[in-house]
Amino acid sequence: MPDSPAIAHGAPEPAHEEHPSYLRHHFNSVEQQADTAGFAMWLFLVTEVMFFSGLFTAYLIYRNWYYPAFVAGSHQLDVRWGTLNTLVLIVSSFTMAMGVWCAQTGRRRGLVLCLSLTCLLGLGFLGIKTIEYREKIEKHHVPGFHYSLQSFVDPQSEPEVYSEYHDKPLPPDMARHTELYFSLYFLMTGMHAAHMIIGVGILAFMILRARAGAYTSGHSTYVLNFGLYWHFIDIVWIYLFALLYLISRHQ
Amino acid sequence: MSATIVSLPDQSTARIPKVNYLTKENGILSWLLTGDHKRIAILYLISITFFFFIGGALAGLIRLELLTPRADLMATDTYNKVFTMHGVIMIFFFLVPSVPATLGNFLIPMMIGAKDLALPRINLLSWYLYMAGGILAIYTMAVGGVDTGWTFTTPLSTHYVNTNVITTGLAVFVAGFSSIFTGLNFIVTIHKMRAPGMTWFRLPLFVWSHYAASLLMVLGTPVLAIAIVLVALERTIGIGVFDPTKGGDPLLFQHLFWFYSHPAVYIMILPGMGVISETISTFSRKRVFGYTAVAFSSVAIAIFGFFVWAHHMFIMGISNYSVLIFSLLTMLVAVPSAIKIFNWTFTLYKGSITFETPMLYSFGFMGLFTIGGLTGVFLGSSGTDIHLTETYFIVAHFHFVMVGGMLMAFLAGIHFWWPKMTGRMYPEKLSQLAAVVTFIGFIFTFFPQFILGVLGMPRRYASYPPEFQVLNVFSTAGATILGVGYLLPVLYLVWSLKYGAVAGDNPWQATGLEWQTQSPPLTENFAEMPAMDHEAYDYEWLEVQNQKRQKEVNSAG
Amino acid sequence: MGKRTAAMRTNGMSGHNQLAHHIVGPRVYVVILFALLAGTGLTVWASFIDLGVWNPVIALAIATTKAVLVVLYFMHVRYSSKLTVLTVGAGIFMFLTLISLTLADYISRAWGNW
């Protein structure tokens with residue numbers, strides 16, 4: 001076989017007329033660009049997994065060291081709000097997935113509807129979180145800000161919680177460790193909420209672009225990749241809910 | 001020593017190509033808003049050099065203080081700040097980005113036959129994040145620095161110092177994201193942007209090394225990020241995760257910190273090893289022995305590197321069983337590195353070896369990295385580590401691998417690809433001299449520190465027992481020589497930009513797609529997109545290319 | 001839901017690589033939605049029953065099942081390339097490595113509250 005020069009003619013450049021405006025010049029094809037963007041988003045999500053992993057590690061260690069404190073702490077979280085939030089996020093994942101389908105099949109109005117619903121549900125989640133956080137602030141369960149052990153050394157001082165779980169009073173040193181529980185609660189849900197806020201912000205921008213038809217004329221990559229991010233946030237919450245809210249609701 | 005493979009074009013007629021990535025656009029904005037990976041590489045090169053000299057100045061201060069047994073040059077608190085900032089700047093603002101962000105950015109697209117990295121705007125963002133972190137680090141020094149050691153060990157950093165832990169942490173956090181995005185970019189690029197025919201096993205080993213290092217960057221750095229966040233919250237709010245009085249465990253920080261910082265050392269060394277594969281091959285005119293083994297060993301180093309982090313914590317209070325497991329795993333991680341050294345040695349065997357500057361640095365690398373790596377095995381053995389840890393033995397160990405290894409590899413790479421990046425050759429005799437001076441300076445600086453460590457001199461102390469003075473004086477003398485050795489390249493490389501010989505496309509007669517285009521390259525790298533049809537390090541193919549080109553020139557003339 | 005447009009035909013897909021852009025339809029999504037909702041109900045109900053040491057196991061098992069469903073179907077990993085699967089696997093593997101090796105230290109300490 002004759003030797004061919006290394007700088008042979010590789011794939012010829014696509015003729016400029018069939019070259020979509022959104023194809024960036026360092027890519028050879030729309031396919032390559034979309035493929036690359038998807039892979040890049042997956043890698044980014046992997047970094048996010050590792051970012052949260054430190055918090056999960058801390059959680060697992062301290063839950064096992066201070067189990068009674070973690071149980072008492074989790075009883076202070078309203079499982080109804082938590083469940084509602086979980087349902088909200090799951091439905092929002094569904095609407096997001098439907099949005100991806102709309103984008104892929106060219107359904108502009110459907111896409112706008114789905115993105116708007118997702119956004120609304122996201123805001124709903126954040127709203128519920130605000131309610132929960134406010135309650136924690138009122139009860140002085142925020143570490144570092146006049147944290148109070150009252151609810152744990154004297155559970156009967158909190159009638160609504162006591163009537164549900166009849167917690168025994170914790171000895172003072174174990175009661176102190178509830179602060180660790182709440183530190184991890186605020187850290188993990190706070191980090192999660194921060195990601196939600198960013199997601200909702202991007203969604204708002206995307207809704208505007210979707211209305212203009214940006215994603216339904218063949219270039220649905222953004223919607224697809226944002227969907228990956230949104231589902232990731234959902235998955236994190238699924239674990240947070242199981243770990244923070246459902247420690248032991250049977251007392 | 002007079003044999004050389006350098007083949008420069010006829011200097012009376014050779015010119016730097018008028019159209020290249022440097023001349024394509026003008027003006028400061030064309031640089032600050034560029035998407036061109038080569039321009040971003042140059043931006044990094046300038047800023048990295050700047051931070052290197054700041055870190056180097058701090059090193060100079062350390063060595064000056066250690067000339068005498070007493071802490072007489074500066075207050076001990078100040079000394080603590082000096083070595084801390086030396087570590088922070090050298091690691092996060094020099095070593096981690098050095099080869100990947102300069103040479104990796106410049107070369108990877110060219111080596112795989114692509115026009116740019118997959119995500120050019122993310123690439124630019126990486127540089128801005130790096131600069132933001134760097135400026136923050138300098139600001140921290142200006143407002144009083146931090147004195148915890150670059151390792152921010154808890155509970156010292158969370159409860160017992162009033163220095164700027166959070167600001168430094170923020171600087172590192174931001175620089176960490178720069179690193180994450182660079183690694184992400186490289187992984188995506190190498191997977192998705194290879195030219196037709198460029199299969200994984202035809203890639204230059206430089207690309208394999210960067211791929212492995214990028215895996216570490218992407219998977220490890222986020223854990224450092226969360227560790228820093230936790231320290232900041234512990235310091236401000238007092239969340240208690242690292243506070244024993246609240247039930248927390250300071251060792252948790254160390255687990256999270258070293259989970260990144262051990263892979264970090266492989267992030268630092270792997271790209272350098274990639275450079276060495278290229279230079280050893282070129283200057284012995286032989287394909288790298290055992291290509292597959294070297295490629296897989298890079299990935300193996302990356303993977304095993306994630307399982308050994310607690311060898312930095314043997315004396316900190318982890319369980320004895322953990323010590324056993326991590327010690328055993330540490331022994332394993334030495335194997336892939338050793339494989340590389342063996343393969344490079346076999347590459348040299350029966351090769352046509354010449355001693356141009358990149359090769360001198362490469363020889364330096366091989367010797368010094370071997371010593372540094374072996375001493376790492378001593379430290380991985382937990383019994384020995386109890387005696388040697390927190391002494392100058394550790395300091396010598398990591399300086400051998402990082403300075404004798406990584407920095408030499410960086411200089412080898414800069415010299416090797418300088419003609420490609422700038423179109424100019426640097427003065428050979430002067431650069432060879434600088435390489436030798438660096439090597440001598442290095443040995444004098446750091447070899448005595450092994451002895452000091454075994455004798456028991458602790459690290460991170462401004463004062464020491466008088467019987468250690470002689471060795472310390474040797475070390476400081478060596479540091480002076482080393483400083484000269486590092487200064488010279490800056491001077492002659494800058495000089496060469498204007499007055500250096502025109503290099504031509506392929507002055508080293510190296511294989512590799514980057515050498516098949518003009519120097520400096522076009523913005524889009526190749527005039528026509530290449531298709532790869534030969535194996536890596538194929539010197540016969542290169543010979544055929546040259547003959548063909550010669551025929552063309554002859555028939556045209 | 002808006003009429004289908006010609007855009008669907010010129011979707012930026014060249015004919016030969018349909019797999020990469022496999023379009024998952026609403027029916028799959030609805031099934032998964034109900035599975036996730038059911039899982040949520042199940043896990044909340046289970047947490048109110050005293051199953052001793054199995055409570056956390058069941059909670060995590062249900063959470064993992066839900067997560068797997070989201071990853072496979074909502075995130076299309078079921079229809080994605082080997083590279084995507086490898087990437088997800090690498091992330092999970094590193095996550096588990098950090099947790100397990102760190103916890104191994106805590107479990108095996110002679111002092112401490114295990």
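Residues numbered from 1 in each chain as written. Chains lettered and ligands numbered in written order. Predicted model: local features only at pLDDT ≥ 70, side-chain atom pairs only at ≥ 80, totals over all residues.

S.K.: Teacher, can you tell me more about the overall build of chain C here?
M.R.: Across its full length, chain C holds three helices and zero strands. For chain C, the sequential pattern of α-helices and β-strands runs α-α-α. Buried residues in chain C amount to 29% of all 114 residues. Counted over contacts in chain C with a minimum sequence separation of 6, partners at least 24 positions apart contribute 42%. (Helix = DSSP H or I, 4+ residues; strand = E, 2+ residues; numbered from the N terminus. Buried ≥ 20, exposed ≤ 12 C-beta atoms within 10 Å, placed from the backbone. Contact = placed C-beta atoms within 7 Å.)

S.K.: I tried to follow the overall build of chain A on my own but got confused; where do I start?
M.R.: The helix and strand tally for chain A stands at nine helices and zero strands. Order of helices (α) and strands (β) in chain A, N terminus to C terminus: α-α-α-α-α-α-α-α-α. Taken over C-alpha atoms, the radius of gyration comes to 24 Å for chain A, far larger than the 18 Å a tight globule of 251 residues would show. Along the first, second and third principal axes, the C-alpha set of chain A runs to 85 × 45 × 30 Å. The proportion of buried residues among the 251 residues of chain A is 52%. Long-range contacts, defined as pairs at least 24 residues apart, comprise 78% of the intrachain contacts of chain A with a sequence gap of at least 6. (Rg over C-alpha atoms; globule rule 2.2 N^0.38 Å.)

S.K.: Hey, could you run me through the interface of chain C and chain A in this one?
M.R.: You'll often see interface size given as the accessible area lost when the parts meet. Of the residues lining the interface, 50 residues belong to chain C; the matching set on chain A comes to 50 residues. For the side of chain C that touches chain A, the secondary structure elements donating two or more residues are helix H1 (26-47), helix H2 (54-74) and helix H3 (82-107) of chain C. Among the elements that take part in the side of chain C that touches chain A, H3(C) stands out by supplying twelve residues, more than any other. When grouped by side-chain class, the residues that make up the side of chain C that touches chain A number 30 nonpolar, 17 polar and three charged. (Nonpolar A, V, L, I, M, F, W, Y, C, P; charged D, E, K, R; others polar.)

S.K.: Can you walk me through the nonpolar core in this structure?
M.R.: One recurring pattern in soluble globular proteins: nonpolar side chains tend to sit buried together. Of all hydrophobic cores here, the largest spans 280 residues; its most connected members are A:Leu43, A:Leu184, B:Ile112, B:Ala227 and B:Ala409. With 22 residues, the single largest contributor to this core is helix H14 (residues 392-422) of chain B. Residue contacts for A:Leu184: discarding those within four places in its chain leaves A:Leu55, A:Ala58, A:Tyr59 and A:Tyr62. (Core = buried A, V, L, I, M, F, W, Y, C linked by C-beta atoms within 7 Å.)

S.K.: What should I look at first to understand the interface of chain C and chain B in this one?
M.R.: Contacts between the two partners involve eleven residues from chain C and, on the opposite side, 13 residues from chain B. Grouping the amino acids of the side of chain C that touches chain B by side-chain chemistry returns six nonpolar, three polar and two charged.

S.K.: Where do I start with helix H8 (residues 205-236) of chain B in this structure?
M.R.: In an α-helix, one turn spans 3.6 residues, which is why side chains three or four residues apart end up on the same side. Residue and element names in this part refer to chain B. With 32 residues, H8 should reach 46 Å at 1.5 Å per residue; the first-to-last C-alpha distance of 46 Å fits that figure. Largest kink in H8: about 30 degrees, centred on Gly220, with the proline Pro222 one to four residues after it. Most of H8 sits out of view: 28 of its 32 residues are buried. Following H8 by one or two positions, Gly238 adopts a phi angle in the positive range, close to 80 degrees. (Expected span 1.5 Å × (residues − 1). Bend = angle between axes of the 7 residues up to and from the residue.)

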